[in-house]
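The primary structure of each chain is shown beneath.
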Amino acid sequence: MTETVDALAALVAGGGVVVLSGAGLSTESGIPDYRGPSGAARRHTPMTYQVFTRDAQARRRYWARSHLGWRVIARAVPNEGHRAVARLQSAGLVDGIITQNVDGLHSAAGSTGVVELHGRLDEVVCLGCGNQTSREELDRRLREANPGFDARVAAVNPDGDVDLADDEVAGFRTVDCTFCRGGMLKPDVVFFGETVPAARVARCFDLVARARLLLVLGSSLTVMSGRRFVLRAAKLGVAVVIVNQGPTRGDGYATVTVDAPLGRLLPALADRATGGVAPAGLTGVGG
Ligand SMILES: [Zn+2]
């Protein structure tokens, strides 16, 4: 609704905004949100750090699926929502962007200084020596190690996982670090059961403490990893605005909550807040 956009724009136009984004912002880029309205129940339990590091079979399964899912992630492009956030930032209204997404789409849309809370799927780290390499390079190595591995991509989760039958997984060959020769490779993302590096968390708390407004975009705030910033904002008296499709676990702390598709609402919000003209056709946006 126009009133919703106007009210949000009035809040955002005051500047000092810190964005906290989640999977819902990337669904319109073709990366499904398994907790949001478009995502059904999760097909399989997300990989945990403990299982990944201790279970070679589970690790093989992860890489086989992830190898296929990577094609989808790699070709995803920013949507209108990411671009609107970048516009708000370049207009000087957004002081910081914290994202729970591992797709790199904020930066691809032109945003700078993005704190990628859970890391990036396009980077790979060696658990043996800490050497970082690109996923592109790993993708090439995995393709070379698995010629003809052309299992069909069925469904993709935000972490790049896809459905794959057991027999298809069995023949998949994983590869190790070439730098220390044998170190275990892991996508440089924070798995369930793994903690976000302390310095990264501190940087986020600092952003929240200096914010005038915490704008949550497309996160159900299910995990404490993101929700803690909403709790901190509320504790510090920093206003919290939540735009998400469906309820969130932070709604009780929010000054304003809006249930709307981000790809439609955010461009209008950016237009209004930066003094532009909102595009027509926003009727039907709930709020
Ligand atoms: Zn290594």
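See the structure printed just above.
Residues numbered from 1 in each chain as written. Predicted model: local features only at pLDDT ≥ 70, side-chain atom pairs only at ≥ 80, totals over all residues. Heavy atoms only, no water.

A.B. asks: Is there a simple way to explain the coordination of the zinc ion in this structure?
C.D. replies: Six octahedrally arranged donors around a metal ideally form angles of 90 or 180 degrees; four tetrahedrally arranged donors ideally form angles of 109.5 degrees. Of the protein atoms, only Cys-126 (SG), Cys-129 (SG), Cys-177 (SG) and Cys-180 (SG) coordinate the zinc ion, at distances of 2.3 to 2.4 Å. Note that the zinc ion binds 4 donor atoms; their angles at the metal cover 105 to 114°, and the shape is tetrahedral. Cys-129 gets classed as partly exposed once you look at its relative accessible area, which sits at 35%. (Donors = N, O, S within 2.8 Å, 3.2 Å for Na, K, Ca; no water. Tetrahedral: all angles 85-135°; square planar, octahedral: opposite > 155°, others 65-115°. Buried < 20%, exposed > 50% of the residue type's maximum accessible area, 1.4 Å probe, protein only.)

A.B. asks: I would appreciate a short explanation of helix 3 (residues 56-75) in the present structure.
C.D. replies: Two residues of an α-helix separated by three or four positions point the same way, owing to the 3.6 residues in each turn. Taking 1.5 Å as the rise per residue, helix 3 with 20 residues should run 28 Å; its terminal C-alpha atoms sit 29 Å apart, in good agreement. At Gly-69, helix 3 shows its largest kink, close to 35°. Its side-chain oxygen at 3.0 Å from the backbone nitrogen of Gln-57, Asp-55 defines the N-terminal cap of helix 3. (Helix = DSSP H or I, 4+ residues; strand = E, 2+ residues; numbered from the N terminus. Expected span 1.5 Å × (residues − 1). Bend = angle between axes of the 7 residues up to and from the residue. Polar contact = N/O pair within 3.5 Å; in protein donor to acceptor, adjacent residues only side chain to side chain.)

A.B. asks: I tried to follow the sheet that holds strand 4 (residues 119-126) on my own but got confused; where do I start?
C.D. replies: Strand pairing within a sheet occurs via backbone hydrogen bonds; the two strands may be parallel or antiparallel. Ordered in space as 5-4-6, the 3 strands form an open sheet in which the pairing is antiparallel. Because the sheet does not close on itself, it has two edges, and the strands there are strand 5 (132-134) and strand 6 (185-189). Going from strand to strand, the sheet's axes swing by 45° on average, the running direction of each strand aside. Strand direction decides the pairing type here: strand 4 and strand 6, joined by 4 bridges, are antiparallel. Bridge assignment links Val-124 to a residue of strand 6, and that residue is Pro-187. (Pairing = 2+ DSSP bridges. Axes fitted to C-alpha atoms, helices over the stretch in contact; angles between N-to-C directions.)

A.B. asks: Looking at this structure, I do not really get the side chain of Gln-100. What am I missing?
C.D. replies: Mapped onto the secondary structure, Gln-100 falls in the loop between strand 2 (94-99) and helix 5 (105-108). Residue classification places Gln-100 among the buried positions, given a relative accessible area of 13%. At 2.8 Å, the side chain of Gln-100 forms a polar contact with the side chain of Ser-219. Not counting chain neighbours up to four residues away, the residues in contact with Gln-100 comprise Leu-20, Ser-21, Gly-22, Leu-117, His-118, Ser-219, Val-223 and Gly-226. (Contact = heavy atoms within 4.5 Å.)

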